Amino acid sequence: MSNLTNQLENIQTENQFSGSILVKQGELVQVQSSFGYANRAETILNEKDTRFGIASGCKIFTAVAIVQLVEEGKLSFDTLLKDVLDISFSHFHEDVTVHHLLTHTSGIPDYFDEEVMDDFEELWIKTPMYHIRRLYDFLPLFQQEQQKFIPGEKFSYNNAGYIVLGLIVEKVSGMLFTEYVQQNILDKAGMKNSGYFALDALPARTAIGYIDFEDGKWKTNMYSLPIQGGSDGGAFVSAEDMVLFWEALIQGNLLKDKTILLTPHVQEEENSYYGYGVWIEKQEKEVYKYHVMGYDPGVSFHSAYYPSSDLVLAVCSNKSKGAYAMLLEVEKSC
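These lines cover the structure that appears in this document, whether it is placed above or below.

Thresholds, definitions, all that
Along each chain, the written sequence defines residue order, and numbers are assigned to residues from 1. Residue-level local features of this predicted model are given only where pLDDT is at least 70; pairs of side-chain atoms are given and counted only at 80 or more, and the full residue set underlies all totals for whole chains, interfaces and linings. In computing side-chain properties, one takes all heavy atoms of the structure into account and sets aside hydrogens as well as water. Within this scheme, the nonpolar core is defined by two criteria: the residues are buried Ala, Val, Leu, Ile, Met, Phe, Trp, Tyr or Cys, and they are joined through side-chain atoms within 4.5 Å. Working definition: with a 1.4 Å probe on protein chains only, accessible area under 20% of the residue-type maximum means buried, over 50% means exposed, and in between means partly exposed. Think of it this way: any DSSP run of H or I at least four residues long counts as a helix, any run of E at least two long counts as a strand, and we number them from the N terminus. For this analysis, residues touch if any pair of their heavy atoms sits within 4.5 Å. Paired rings are identified among Phe, Tyr and Trp, the last through its six-membered ring, by centres lying within 6.5 Å, and are further divided according to the angle between planes into stacked (under 30 degrees), edge-to-face (over 60) and tilted (the rest). Put simply, a salt bridge is a Lys or Arg side-chain nitrogen that is within 4 Å of an Asp or Glu carboxyl oxygen. Expected helix span is taken as 1.5 Å per residue step, with the number of steps being one fewer than the number of residues. By the criterion applied in these results, polar contacts are pairs of N or O atoms within 3.5 Å in which, for protein atoms, one can donate a hydrogen and the other can accept it, and in which residues neighboring in sequence qualify only through two side-chain atoms. The disulfide criterion used throughout: a pair of cysteine sulfur atoms within 2.5 Å.

## Describing the nonpolar core
- In this structure, Phe-61, Ile-168, Phe-245 and Trp-246 are the most contacted members of the largest nonpolar core, which totals 81 residues.
- For this core, the leading source of residues is helix H2 (residues 59-71), giving nine residues.
- Ignoring anything within four residues of it in the chain, the contact list for Phe-61 reads Ile-54, Val-181, Ile-185, Leu-186, Met-191, Tyr-196, Ala-235, Val-237, Met-242 and Phe-245.

## Re the packing of aromatic side chains
- The full count for this structure, using the stated rule, is 16 aromatic pairs.
- The interplanar angle of 55° and the centroid separation of 5.8 Å between the aromatic rings of Phe-155 and Tyr-274 together place this pair among those described as tilted. Here Tyr-274 lies in strand S10 (residues 272-274) and Phe-155 lies in the loop between helix H4 (98-102) and helix H5 (159-173), a separation of 119 residues in the sequence.
- Summarising the aromatic geometry, the rings of Phe-177 and Tyr-196 are spaced 5.9 Å apart at their centres and angled 75° between planes, so their arrangement reads as edge-to-face.

## Quick word on the pattern of salt bridges
- Here the structure, examined in full by the defined rule, presents 11 salt bridges.
- When the shortest N-O distance is used, the salt bridge between Lys-289 and Glu-281 registers 3.9 Å.
- Look at Glu-281 and you get partly exposed, because its relative accessible area is 26%.
- The shortest N-O distance in the salt bridge between Lys-332 and Glu-329 comes to 3.2 Å. One end of the pair is Lys-332 and the other is Glu-329, both in helix H9 (residues 323-333) and three residues apart, which spans about a single turn.
- One network of salt bridges, with partners in common, ties together Arg-40, Asp-212 and Lys-319.

## A few points about H5
- Taking 1.5 Å of rise per residue, the 15 residues of H5 would be expected to cover 21 Å, and the 21 Å separating its terminal C-alpha atoms lies within 8% of that figure.
- Burial analysis of H5 places 12 of its 15 residues in the buried class, the great majority of the element.
- Those residues of H5 lying buried are Asn-159, Ala-160, Gly-161, Tyr-162, Ile-163, Val-164, Leu-165, Gly-166, Leu-167, Ile-168, Val-169 and Glu-170.
- Those residues of H5 hidden inside the fold are in contact with H2, helix H3 (81-84), H4, helix H6 (177-186) and S10.
- The opening residue of H5, the one whose side-chain oxygen lies 2.9 Å from the backbone nitrogen of Ala-160, is Asn-158.
- Gly-174 sits one or two positions beyond H5 and adopts a positive phi of about 75°.

## Overview of the state of the cysteines
- In this structure the tally under the stated criterion is zero disulfides.
- Here Cys-58 is not cross-linked by a disulfide; its sulfur's nearest cysteine counterpart is in Cys-316, at 12 Å.
- Among the residues examined, Cys-58 registers a relative accessible area of 0% and is labelled buried.

Here is the structure:
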């Protein structure tokens, strides 16, 4: 694995990767490295316990929360959206279920429609991002829009569906979504360096996200994202904590039956499937990896579990790209 460390350092030099990477196989840490600055202005380095935004990488936390509530008998995957939330969704199909929302097959409108816009910052022209602190704050962005297709008809990645799932967690549990995840997932997994932090009140050892321009200039992502993340994305974790999450999930510390989460529920491409909040890649009909990823302005993140080799990795970056190249190098070497 020393050769892998050298290869990762070479890629970091080529791409100026900024972030942390942890590769663990069984009980043995194979690689643990950090590069670049958590705070460029103050020249504060990224370290192994630095927390990074992970964008959509935390949709798996939302899925775990829903499955926990199902296991407690408070909800079912067939529960209709209209029966669990007393929120008006005038144009949503009446047959949308929890399962549809989890698998991106609901057909409800998304608040960030990549078919209409390609710049995430366009969202905040009419709705200032500093007003987005609670899940309910997202509703005006999609609540009255038209249904896109019949539920179950196809897979179409949808952030709004996970906002709705977070609202369901709040309704059924009686807790704020972020508090529920903190108590029932992060704390249970021993993730002491993780949480849903507001961009205008980041705690110590948290990396600031940076957006780089071709001329060498940069800006932070503070005005590019919702001020506080929630059920569709925006949590902060350390690389160590993300590995702890996978271990807690695989060892059965978060769910009584993890297989429902890790079952390929819908096919996206030839060898690519989606479970509940997690991507599943197969090779020769066997599961090669379970993985999550997240991209936002100033954020790139990949984390995966490879069952055949009992290997877990987390690559966290406070730049808009870079994590994927690191993941590919690990996969080539393992």
